[in-house]
Amino acid sequence: MVKMVETEVECCKIVSEDVKDAIVLEGSPELGLIGNILGWLLVEELKMKQIGYIDSKEFPPLAVLYKGIAIHPFRVYSTDGIVLFLSDFIIPPNVSYDMSNAIVDWMERNNSKGLITFNSMVVMEKTGSVAGAANSEEALKKLGELDLPILPFGNVNGLSGSLLTKTAIKNIPASCLFAEVLNQYPDPRAAASLVNVLNKMLNIDVNAQPLLKEADEIEERLKELAKRVQSENEPESPIYS
Amino acid sequence: MVKMVETEVECCKIVSEDVKDAIVLEGSPELGLIGNILGWLLVEELKMKQIGYIDSKEFPPLAVLYKGIAIHPFRVYSTDGIVLFLSDFIIPPNVSYDMSNAIVDWMERNNSKGLITFNSMVVMEKTGSVAGAANSEEALKKLGELDLPILPFGNVNGLSGSLLTKTAIKNIPASCLFAEVLNQYPDPRAAASLVNVLNKMLNIDVNAQPLLKEADEIEERLKELAKRVQSENEPESPIYS
Amino acid sequence: MVKMVETEVECCKIVSEDVKDAIVLEGSPELGLIGNILGWLLVEELKMKQIGYIDSKEFPPLAVLYKGIAIHPFRVYSTDGIVLFLSDFIIPPNVSYDMSNAIVDWMERNNSKGLITFNSMVVMEKTGSVAGAANSEEALKKLGELDLPILPFGNVNGLSGSLLTKTAIKNIPASCLFAEVLNQYPDPRAAASLVNVLNKMLNIDVNAQPLLKEADEIEERLKELAKRVQSENEPESPIYS
Amino acid sequence: MVKMVETEVECCKIVSEDVKDAIVLEGSPELGLIGNILGWLLVEELKMKQIGYIDSKEFPPLAVLYKGIAIHPFRVYSTDGIVLFLSDFIIPPNVSYDMSNAIVDWMERNNSKGLITFNSMVVMEKTGSVAGAANSEEALKKLGELDLPILPFGNVNGLSGSLLTKTAIKNIPASCLFAEVLNQYPDPRAAASLVNVLNKMLNIDVNAQPLLKEADEIEERLKELAKRVQSENEPESPIYS
Amino acid sequence: MVKMVETEVECCKIVSEDVKDAIVLEGSPELGLIGNILGWLLVEELKMKQIGYIDSKEFPPLAVLYKGIAIHPFRVYSTDGIVLFLSDFIIPPNVSYDMSNAIVDWMERNNSKGLITFNSMVVMEKTGSVAGAANSEEALKKLGELDLPILPFGNVNGLSGSLLTKTAIKNIPASCLFAEVLNQYPDPRAAASLVNVLNKMLNIDVNAQPLLKEADEIEERLKELAKRVQSENEPESPIYS
């Protein structure tokens, strides 16, 4: 039987199987929901298996439906040598500190090889480029080998940011991939732009097509909405489902 | 004399008689107040008996009048093999975590057969359909046997959501029924749409007529209000009593 | 010398003389400030004596002037067989839970005969009627003997509501009187409407005249204000002093 | 060497020399900043010496410049038989309870003769009058001997209010002087109106001239601002420095 | 190997090497971000080495990118006889109290020679002047020797303010330099105005040119933005990167 291990810090706990020597991915929804959208793609395309969840009293009361089944809003998934921490809600800032400690504890105990997080950079106009950053000179050099442009300056918010500095203290190499977004709305096209880089980094072969299709649908819906709004002269907020 | 048992967690406690081997229903007011409206219908139509209440320092100071008598705002009711947790106020999110733990503890101790919660799905236009979701493959299969459409994706907020994931951890089968609502206002017609499904699930014969009558009255009142507002040009908020 | 007893719960304490076998009245300012206005009338008309106060770190920093003397904002008064808990500020909701526990503890220790609280029902148009509710069938029957209409359904907010349910648990009979109000502003006329009922219940003979005079003055002031505002076209908020 | 004594309560502490048998003045900034403005006048005119400060984790991070030197935002001053607690920021309500306990503890230990606090009464139109209130019949009688009109009814907010009731419990005579203000802005002219009364009460001879000059300057600045705003049609907030 | 010492107070901890007998600079971003902008200039121009960081659960989840590497948002730097505490986010007020205690503890243990903090004074119109203040007569006299105008009155907010009063209690000389700013936006030109004074105080030779160039660029961008906004009639917020 699989052994579940609790990694508990003050305000949250990870209830999960242990997976040794993996690359850890983190996908929590910052601007554009990049990490979350990309995480779901990986779950589906790599047929990742849920191996645990993170629980906290500070989380919003929430279940997420997946093919009709209610699942935890923050889950841990795994497949060959890859572990994914995937959250479906924005982590409350007061939980990020403890949660990143818990995740880094988990990584230390499991001798994780490194961390990759996903985030976004807000731009006035999209140019189609992606960028990377890392938590050490060595990690940065590795990113350079991928011909990935480096994001030299800026802020990295959220769990992404906390994990980058906390892994640095423990000498765990970590990098962050940034997609271009225009605003805070879900942007599957931006998430898709990271897939090629990630394929190279993890030596996998994920297809970004589902995200591009989803993006087409959202954009189509927004156009129709714009038409309707113009004709009805009534405001409506774009919906993502 | 009846024995009252306290199921206490950090921020709230259930003071209630124990009822073994029952199906547990949960009715707390999310969008449309579906669970609450449906819960009150069951209390009246099944002549359920109050067997306890939930108390918490975090609750709003509130009593609810029922036929002139002030009762607890969160009560536990029971009738043949059915137990109902019925709240008349929106559970503060910071209490939901502990409260769902308390309810699941109560269910474990009482060997409850399963959980049914009620929620809503916001739609642009009503089609009259209802949908279901569950907390496991087995529970989902059972729902399918009722010819109930499944809600594949989406978020389940509130106590509903917390209970679905926490019962899953304890291997207690749970399902959630969703009624269509247009907005956050009380919607007895939407609540009524769930009655047929519930009758099948619980093998009971509750009549939705009282809710439809209530809906007619609310809609009548809103129409009159609309007329008056148009003539007086003054805003008024719709009232539910 | 009088013995002062401290009834202390987590976030507040009652520092008061003990008074045995009394009817306890509670007057805290909900919509219309009914309980507070009525409480002050009783203090003056029944020449009630201050026997204590309630203190809490959660209270706003506040003293109340009475004939030039600064007094506690939440006081306990007494006269023949009647005890009054009178607050001059809205009880913070997070204190209501503990405070109602403290008051009910005090009542149990002092073998209080029952509780009467005051509240309001918001109406579109005043009809001049008052209504009652109770915390048990027996208490409700007694109200019926007064030919008092019963308020069958609705919410009872604030300390009023908490006390009704907490006395019920301890089998202490309690009732609540509701005056009609149009909005949240102080309404001495509405408070006056409860005096006759209260006279019957307590077998006292308080004159509502001072409240009616006060109401006349407020209404006069509001009319003048309305005139001035119309002429000056500048908003001003009505003041109660 | 002077001995510093710590009077510590849960959320703040007074670090100060002890001064026996003094009259204690309290000047914290309520509406019109009356107490603060008057306190600074006393410090300058009576050449009061700083003997301590109050410290609390709940205070805003703040230093106050006085002749180029950064001083504590809440200081204790002393001169012949007079002690002044002077705050340069609005005391957070949640600190007032503990802080007034700390100040009253200090007063008890130092056998203080009494307390005088300063506050304001909001009026529609200024009449130039001041008023007083006290925390006991005896203290009120003393105020009457000064031919000071009494403010019969009303609320006393802030540290002022808390101190009035807490000194009453300890049988320490206290009084409060009220200046007329029109709004919440700093009003040195209103503060000046209290100087004569205070001179009589403390048998001192402070000159209100500096405050009247300051008031002239503020009013001059506001007039110019009004002119500029009218011509530029841009809003600016009045500044006090 | 370098020894890292933890200076821990209730809500934050300094993890840093010890540096004896240094002058300590503090640069946290108040209005105009003066301290932060100046701090970064010093890091670059003096090639300061990072020797530690400050960590707190109360900090926002955030990493800062510097040449593509994610670094702590609050770092400690050092070079010959100078230590710099540099924060890239606004310190939450509730952390300032404890954090200034931690920094002053660090300074005491390391026998620091003194503290220099940076802040701003909001003016209607810039005159190009800078001003200073200190935490004692002696420290003020030293500032006078630099022909620096003294800011006689005013408030010093933030960590700056807390540090000035807490160093005073420990008899550590401290001074604060104020740059003129018009509003809360980042103002490298204002930060540059402090460089000459700082050069004299620390006997260093830092060039303000990079800040003036940055200011030119920001101002250029804002002008273009203004033009575009005028033509497009759409609001956009100025961005600092």
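Placed above this text is the structure.
Residues numbered from 1 in each chain as written. Chains lettered and ligands numbered in written order. Predicted model: local features only at pLDDT ≥ 70, side-chain atom pairs only at ≥ 80, totals over all residues. Heavy atoms only, no water.

Caption draft 1: A look at the arrangement of the chains. Of all C-alpha pairs spanning chain A and chain C, none lies closer than 19 Å, and the two are not in contact. Nothing in chain B touches chain D, and the closest approach of their C-alpha atoms is 19 Å. (Contact = heavy atoms within 4.5 Å.)

Caption draft 2: Expanded view of the packing of helix α2 (residues 93-109) of chain E against helix α4 (residues 158-169) of chain E. Residues and elements named next belong to chain E. Their axes nearest at 9 Å, the elements α2 and α4 cross at an angle of 50 degrees. Judged by the angle between their axes, α2 and α4 are oblique. Like other packed secondary-structure pairs, α2 and α4 cross with a definite hand, here right-handed. Each of S96, Y97, M99, S100, N101, I103, V104 and M107 in α2 lies in contact with α4, whose residues at this interface are L159, S162, L163, K166 and T167. Partitioned by chemical class, the residues of the contact of α2 with α4 number seven nonpolar, five polar and one charged. (Axes fitted to C-alpha atoms, helices over the stretch in contact; angles between N-to-C directions. Helix = DSSP H or I, 4+ residues; strand = E, 2+ residues; numbered from the N terminus. Parallel < 35°, antiparallel > 145°, perpendicular 65-115°, else oblique. Left-handed = near helix turned anticlockwise from the far one by under 90°. Nonpolar A, V, L, I, M, F, W, Y, C, P; charged D, E, K, R; others polar.)

Caption draft 3: Region of interest: the relation of the copies chain A and chain E. When chain A is fitted to chain E, the best match, at an RMSD of 0.0 Å, comes from turning it 72 degrees and sliding it 0.0 Å along the axis. Taken together, these values place the two copies in the relation of a five-fold axis. Measuring from the rotation axis to each C-alpha of chain A, the shortest distance belongs to N94 of chain A, at 12 Å. (Least-squares fit on C-alpha atoms with pLDDT ≥ 70 in both.)

Caption draft 4: Structural view of the interface of chain A and chain B. Contacts between chain A and chain B engage 18 residues on the former and 28 residues on the latter. Taking both partners together, chain A and chain B bury about 1900 Å²; carbon and sulfur atoms supply 61% of that area. Joining chain A to chain B, the criterion identifies two salt bridges. Between K166 of chain B and D55 of chain A there is a salt bridge whose closest N-O contact spans 3.7 Å. Our count for the chain A to chain B interface comes out at nine residue pairs in polar contact (both at pLDDT 80 or more). Counting residues per element, the ones that place at least two in the side of chain A that touches chain B are β4 (49-55), β5 (62-66) and β6 (69-71) of chain A. Counting residues per element, the side of chain A that touches chain B draws most heavily on β5 of chain A, which supplies five residues. Tallied by class, the residues present in the side of chain A that touches chain B amount to eleven nonpolar, three polar and four charged. (Buried area = accessible area lost by both parts, 1.4 Å probe. Salt bridge = Lys/Arg side-chain N within 4 Å of Asp/Glu carboxyl O. Polar contact = N/O pair within 3.5 Å; in protein donor to acceptor, adjacent residues only side chain to side chain.)

Caption draft 5: View of the packing of aromatic side chains. Enumeration according to the criterion identifies 30 aromatic pairs over all chains in this entry. Each ring, one from F85 of chain A and one from W106 of chain A, has its centre 5.6 Å from the other, and the planes form 90 degrees; the classification is edge-to-face. Of this pair, F85 of chain A sits in strand β8 (residues 82-87) while W106 of chain A sits in helix α2 (residues 93-109), and the two are 21 residues apart along the sequence. Note on accessibility: F85 of chain A and W106 of chain A belong to one class, buried. Ring centres of Y66 of chain D and F153 of chain E lie 6.0 Å apart, and the angle between their planes is 55 degrees; this geometry places the pair in the tilted category. With Y66 of chain D in strand β5 (residues 62-66) and F153 of chain E in the loop between α3 (137-145) and β11 (154-157), this pair bridges two chains. Overall, the relative accessible area of 48% leaves F153 of chain E in the partly exposed class. Here a set of aromatic residues connected by ring pairs shows up, and it is made of W40 and Y66 of chain A together with F153 of chain B. (Phe/Tyr/Trp six-rings, centres within 6.5 Å; stacked < 30°, edge-to-face > 60°. Buried < 20%, exposed > 50% of the residue type's maximum accessible area, 1.4 Å probe, protein only.)

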